Amino acid sequence: MQTRTVGDVQVGAIGLGGMPMSIEGRPDEQRSVATVHAALEAGVTLIDTADAYHRDADEVGHNESLIARAVAEYGGDTSDVLIATKGGHLRPGDGSWTLNGSPEYLKKACDASLERLGVEAIGLYQFHRPDPRVPYEESVGAIRDLLDAGKIRFAGISNASPDRIRLANEILGGRLVSVQNQFSPSFRASEPELELCAELGIAFLPWSPLGGISNAGELGSRYAAFADVARTHGVSPQQVCLAWMLAKAPVVIPIPGSSRPETIRDSVAAAELKLSAEEQARLDAA
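Here the structure is a predicted model, which is why all the values come from computation and not from measurement. (Residues numbered from 1 in each chain as written. Predicted model: local features only at pLDDT ≥ 70, side-chain atom pairs only at ≥ 80, totals over all residues. Heavy atoms only, no water.)

Engineer: Would you explain unusual backbone geometry in this entry?
Structural biologist: Keep in mind that most residues, glycine aside, have a negative phi and that most peptide bonds are trans. Its identity as a non-glycine residue notwithstanding, N159 has a phi of 55°, on the positive side. Among the structural elements, N159 can be located in the loop between β9 (152–158) and α5 (162–171). With a relative accessible area of 16%, N159 lands in the buried category. The backbone of S208 sits at a positive phi, close to 50°, despite the residue not being glycine. Assignment of secondary structure puts S208 in the loop between β11 (203–204) and α7 (219–222). (Helix = DSSP H or I, 4+ residues; strand = E, 2+ residues; numbered from the N terminus. Buried < 20%, exposed > 50% of the residue type's maximum accessible area, 1.4 Å probe, protein only.)

In structure tokens form, the structure reads like this:
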């Protein structure tokens, strides 16, 4: 697979989002492990997780533990796999999401993630979502402290505006390596953030790039242009969607969520799909 850059390391141009393996409607763990292994076999070297990717209140970090076990059980070389996790978002166990961006909490959350992932330093640690009760500079300052302490190798932020991207990069002393924002055919409000990341050379990681768990399968029926281009190339509309994102800027690394080996294999194939300028423009306008 073609590669792209996060910090000073190369990763596969398509990543794997782990959330569907751990929240409501999740499959049995055997299928999830098989999905991670299929991703690794296909050349995926960026896996996205978070401590909040769990279903029940007593299983915080379910996805982190699952990803760590799956990677450890893989028979091949995983030395180049970058596991990205996040802190600052919480799930009380009733299906809701809450926030805690306090420096004290983020540092405790990082320690817990370190233990679950079984590493001396987390590959990429990202502040999950701004907490309106905590000044943003304090939350990002905690991420800076973790970076300085060597507990994390790279620092990123998620769900951030252009102003916050610039602020975070300043607080981190120019060491911001990734921005993980929602972006898909149905959600394009993050175009300014994507463009800023391209300007600054910061990896842009679109989450829910296919429109989310419940909508990904219907992408072609919801957006005729993606279905038409897919028919032309003999591939899935989902593959066209990911190829369209990759063509937007060399910093884009989509992280489609998957819990089945066949879906991540299809997603990975997008890295080899070449769209014409006319097709790209048509998809942009869809």
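Moving on from the model shown.
Engineer: Explain the side chain of T49 here, please?
Structural biologist: Of note, T49 is situated in the loop between β4 (46–48) and α2 (62–73). At 3.4 Å, the side chain of T49 forms a polar contact with the backbone nitrogen of E64. Apart from residues lying up to four places away in sequence, T49 is in contact with N63, E64, I67, I83, A84, T85 and K86. (Polar contact = N/O pair within 3.5 Å; in protein donor to acceptor, adjacent residues only side chain to side chain. Contact = heavy atoms within 4.5 Å.)

Engineer: Help me understand the nonpolar core, please; the structure alone is not making it clear to me.
Structural biologist: Most often, soluble globular proteins have nonpolar side chains that are buried together. V36, I47, I152, I157 and I165 are the most contacted members of the largest nonpolar core, which totals 75 residues. No other element matches the 7 residues that helix α9 (residues 237–246) contributes to this core. Residues within four places of I152 in sequence aside, it is in contact with C110, A121, I122, Y125, I143, L146 and L147. Ranked by size, the runner-up nonpolar core spans 13 residues in total, among them V9, L46, L124 and F154. (Core = buried A, V, L, I, M, F, W, Y, C linked by side-chain atoms within 4.5 Å.)

Engineer: Just to check I follow, could you spell out helix α4 (residues 136–148) for this structure?
Structural biologist: It helps to recall that an α-helix has 3.6 residues per turn; residues three or four apart then point in one direction. Given a rise of 1.5 Å per residue, 13 residues ought to cover 18 Å, and the 18 Å separating the end C-alpha atoms of α4 matches this to within 8%. All buried positions along α4 are accounted for by Y136, S139, V140, G141, A142, I143, L146 and L147. Those residues of α4 that are buried lie in contact with α3 (103–117), β8 (122–127), β9 and α5. Of the residues one or two after α4, G150 is the one with positive phi, at around 80°. (Expected span 1.5 Å × (residues − 1).)

Engineer: Looking at this structure, how should I read the pairing of strand β2 (residues 9–12)?
Structural biologist: Residues in a regular strand project their side chains so that they alternate between the two faces of the sheet. Sheet topology note: the strand β1 (residues 3–6)/β2 ladder contains 4 bridges and is antiparallel. In the sheet register, T3 faces β2, and the bridge partner there is G12. Taking the residues between adjacent antiparallel strands as the criterion, β1 and β2 are bridged by 2 residues, where G7 takes a positive phi near 65°. (Pairing = 2+ DSSP bridges.)

Engineer: How do you make sense of the pattern of salt bridges when you look at a structure like this?
Structural biologist: Pairing between side chains becomes possible if they bear opposite charge and their charged atoms approach one another. The tally for this structure, following the rule as stated, stands at 19 salt bridges. Between D284 and K248 there is a salt bridge, with the nearest N and O atoms lying 2.9 Å from each other. With D284 in helix α11 (residues 277–285) and K248 in the loop between α9 and α10 (261–268), the pair connects residues that are 36 residues apart, well separated along the chain. The class of K248 is partly exposed, set by a relative accessible area of 24%. (Salt bridge = Lys/Arg side-chain N within 4 Å of Asp/Glu carboxyl O.)

Engineer: Whenever I open this one, α3 confuses me. Can you help?
Structural biologist: Given a rise of 1.5 Å per residue, 15 residues ought to cover 21 Å, and the 21 Å separating the end C-alpha atoms of α3 matches this to within 8%. Those residues of α3 not exposed but buried are P103, Y105, L106, A109, C110, S113, L114 and L117. Buried residues along α3 sit in contact with α2, β5 (82–87), β6 (89–90), β8, α4 and β9. Positive backbone phi, approximately 70°, marks G118, located one or two places after α3.

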